[in-house]
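Read off the chains here:
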Amino acid sequence: MYRKLADKVGAAGFLVVVPDFLYGDPADFTNPQFNLEGWLALHTLEKGYEDAKLVIQALKSKGLSAIGAAGFCWGALVVAKIAVSEDIQAAVLLHPGYITVEEISQVKVPMAILGAEIDQSFPPELVKQYEEILSTKCKVDSFGRVYPGVAHGWTMRYNEEDEFSVKSAEEAHEDMLNWFTKYVK
């Protein structure tokens, strides 16, 4: 699904880079043996942030001056950390993991938060609360949307034969594209 979405963003005229900050080891919540604590110990946000900074530096060394970053779940936590600097021009968090009020209060770039109605990691109330913090305390443009009837991960892990799931994911993808068109293009 990531490549399909990357192709969609590329077709809209953006240069797309999809680094593997998980080094081929994504979280597998379908595996009953999956150990989240152990996985998080191996995939620290600090390491993801350092990896992301290297990608941004490489893009800037190639002459790119406007960069947007999108992150899904764990990746959204990395993007939120990057958005505290002005190394990017726009950020989109899609069904993010838990981000603190302190972290969101330090954001310096326009940020969209796209959340699921059914999400224990980042409940709908946080989407609204954090959008308010971004617009009032951080004084950056923000957009928050909660997609009804979908669960955490819906933008990437959906049944392509389920019309409702496809439509919800495509709406989120379109909102992400619109945000990048507004601030990066």
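As shown above, the structure is provided for reference.
So, here's what we can say about the structure. As the structure is a computational prediction, the values presented were derived from the model and not from experiment. (Residues numbered from 1 in each chain as written. Predicted model: local features only at pLDDT ≥ 70, side-chain atom pairs only at ≥ 80, totals over all residues. Heavy atoms only, no water.)

A short note on the environment of R3
Okay, step 1: Inspection of the secondary structure assignment puts R3 in helix 1 (residues 2-11).
Okay, step 2: Distance from R3 to V150, taken between C-alpha atoms, is 21 Å for residues 147 residues apart in sequence. (Helix = DSSP H or I, 4+ residues; strand = E, 2+ residues; numbered from the N terminus.)

A short note on the packing of aromatic side chains
Okay, step 1: Under the definition given, this model contains 8 aromatic pairs.
Okay, step 2: Arranged with centres 5.5 Å apart and planes meeting at 80°, the rings of F122 and Y130 form a pair that is edge-to-face. Note on accessibility: F122 and Y130 belong to one class, buried.
Okay, step 3: Ring centres of W179 and Y183 lie 4.9 Å apart, and the angle between their planes is 50°; on these two criteria the pair is classed as tilted. Of this pair, W179 and Y183 are both found in helix 7 (residues 163-183), 4 residues apart, which corresponds to roughly one turn of the helix.
Okay, step 4: Taking relative accessible area as the criterion, W179 reaches 6% and is therefore assigned buried.
Okay, step 5: On the basis of relative accessibility, which here comes to 23%, the residue Y183 falls in the partly exposed class.
Okay, step 6: In this structure, K81 packs its charged tip against the face of Y49, placed 5.1 Å from the ring centre.
Okay, step 7: The positively charged end of K185 is found above the aromatic ring belonging to F14, 5.0 Å away from the centroid. (Phe/Tyr/Trp six-rings, centres within 6.5 Å; stacked < 30°, edge-to-face > 60°. Buried < 20%, exposed > 50% of the residue type's maximum accessible area, 1.4 Å probe, protein only. Lys NZ or Arg CZ within 6 Å of the ring centre and 35° of its normal.)

Concerning the packing of helix 1 against helix 7
Okay, step 1: Relative orientation of the contacting elements helix 1 and helix 7 amounts to 40°, with a least axis distance of 11 Å. Of the possible angle classes, the one that applies to helix 1 and helix 7 is oblique. The element helix 1 and its partner helix 7 pack so that their crossing is right-handed. On helix 7, the residues touching L5, K8 and V9 of helix 1 are E170, H173, M176 and L177.
Okay, step 2: Residue composition of the contact of helix 1 with helix 7, by class: 4 nonpolar, 1 polar and 2 charged. (Axes fitted to C-alpha atoms, helices over the stretch in contact; angles between N-to-C directions. Parallel < 35°, antiparallel > 145°, perpendicular 65-115°, else oblique. Left-handed = near helix turned anticlockwise from the far one by under 90°. Contact = heavy atoms within 4.5 Å. Nonpolar A, V, L, I, M, F, W, Y, C, P; charged D, E, K, R; others polar.)

Geometry only, nothing functional implied.
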